[in-house]
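# Remarks on the overall topology
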Amino acid sequence: MRDEYGVYRNKTFCGDSRCKEIIDSRKFDRNRRKKESKKAKGVLHRGVRSRVRNRILRRDNAECVFCGLRGPGNVQIHHIVPVSEGGKDIGENLITICSDDHNMVHLDMDRYEKFLLEIAIRRENEHSGREKL
Ligand SMILES: [Zn+2]
Ligand SMILES: [Zn+2]
């Protein structure tokens, strides 16, 4: 591909297509980094301590709350109220979920928050006395 422009995307452009490629790839990298950091902020879900994680897995039977997929390797622990919004590593705020459903929840966390909190609180009540955090 040949380009005759002296200036490309506000950058001085020597006229060589390789030069254009470099400008393009730098711009692409910057955009991608911006997107990634935005994404990381929006879907923040930090890992829980392994002791807490194991307790939640036992409470929930290591089973996804939505689809029932089972097994510690298939499921993750989700903070119903995100840590970034003051959610804590306590049973009432944690639920077992598979990675597909986890992604789904993170696309619209507000929509699932109340529903998941009710389940987590009910499970905690059923579980209380048997084990302590
Ligand atoms: Zn699932
Ligand atoms: Zn999550």
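Residues numbered from 1 in each chain as written. Chains lettered and ligands numbered in written order. Predicted model: local features only at pLDDT ≥ 70, side-chain atom pairs only at ≥ 80, totals over all residues. Heavy atoms only, no water.

The next thing to look at is the overall build of the chain. Helix and strand content of the chain: 4 helices and 4 strands. In sequence order, the secondary structure elements of the chain are arranged as β-β-α-α-β-β-α-α. By the burial criterion, 32% of the 133 residues in the chain qualify as buried. Put simply, 57% of the contacts in the chain that link residues at least 6 apart link residues at least 24 apart. Put simply, the chain shows about 9,400 Å² of open surface, and 48% of that area lies on carbon and sulfur atoms. (Helix = DSSP H or I, 4+ residues; strand = E, 2+ residues; numbered from the N terminus. Buried < 20%, exposed > 50% of the residue type's maximum accessible area, 1.4 Å probe, protein only. Contact = heavy atoms within 4.5 Å. Areas by Shrake-Rupley, 256 points an atom, 1.4 Å probe, with all protein chains shown as cover.)

Our focus in this paragraph is the coordination of the zinc ion (ligand 2). Coordination angles at a metal have ideal targets, namely 109.5 degrees for four tetrahedral donors and 90 or 180 degrees for six octahedral donors. At 1.9 to 2.1 Å from the zinc ion (ligand 2) lie its protein donor atoms, namely His78 (ND1), His102 (NE2) and His106 (NE2). Of note, the zinc ion (ligand 2) draws all its donor residues from one chain, in the sequence arrangement H-x23-H-x3-H. In this pair, histidine 78 sits in strand E3 (residues 75-79) while histidine 106 sits in helix H3 (residues 99-107), placing the two residues 28 residues apart along the sequence. With respect to burial, histidine 78 and histidine 106 carry one shared label: buried. (Donors = N, O, S within 2.8 Å, 3.2 Å for Na, K, Ca; no water.)

Turning our attention to the coordination of the zinc ion (ligand 1). Only Cys64 (SG), Cys67 (SG), Cys98 (SG) and Asp101 (OD) from the protein coordinate the zinc ion (ligand 1), and they sit 1.9 to 2.3 Å from it. Around the zinc ion (ligand 1), the 4 donor atoms are arranged such that angles at the metal cover 104 to 117 degrees; this shape is classified as tetrahedral. Cysteine 64 gets classed as buried once you look at its relative accessible area, which sits at 2%. Judged by relative accessible area, which is 12%, aspartate 101 ranks as buried. (Tetrahedral: all angles 85-135°; square planar, octahedral: opposite > 155°, others 65-115°.)

A few words on the nonpolar core. One finds Ile77, Leu94, Ile95, Val105 and Leu116 to be the most contacted residues of the largest nonpolar core, which totals 20 residues. Only helix H2 (50-59), E3, strand E4 (94-98) and helix H4 (109-127) provide two or more residues apiece to this core. Apart from the residues lying within four places of it in its own chain, the contact partners of leucine 116 are Val65, Phe66, His78, Ile80, Ile95 and Val105. (Core = buried A, V, L, I, M, F, W, Y, C linked by side-chain atoms within 4.5 Å.)

Looking now at the pairing of E4. Burial analysis of E4 places 5 of its 5 residues in the buried class, which makes it a mostly covered element. Neither face of E4 is exposed, since Leu94, Thr96 and Cys98 on one face and Ile95 and Ile97 on the opposite face are all buried. Two strands pair when backbone bridges link them, and E3 and E4 are joined in this way by 5 bridges, in the antiparallel orientation. Paired with isoleucine 77 across the bridge in E4 is threonine 96. (Pairing = 2+ DSSP bridges.)

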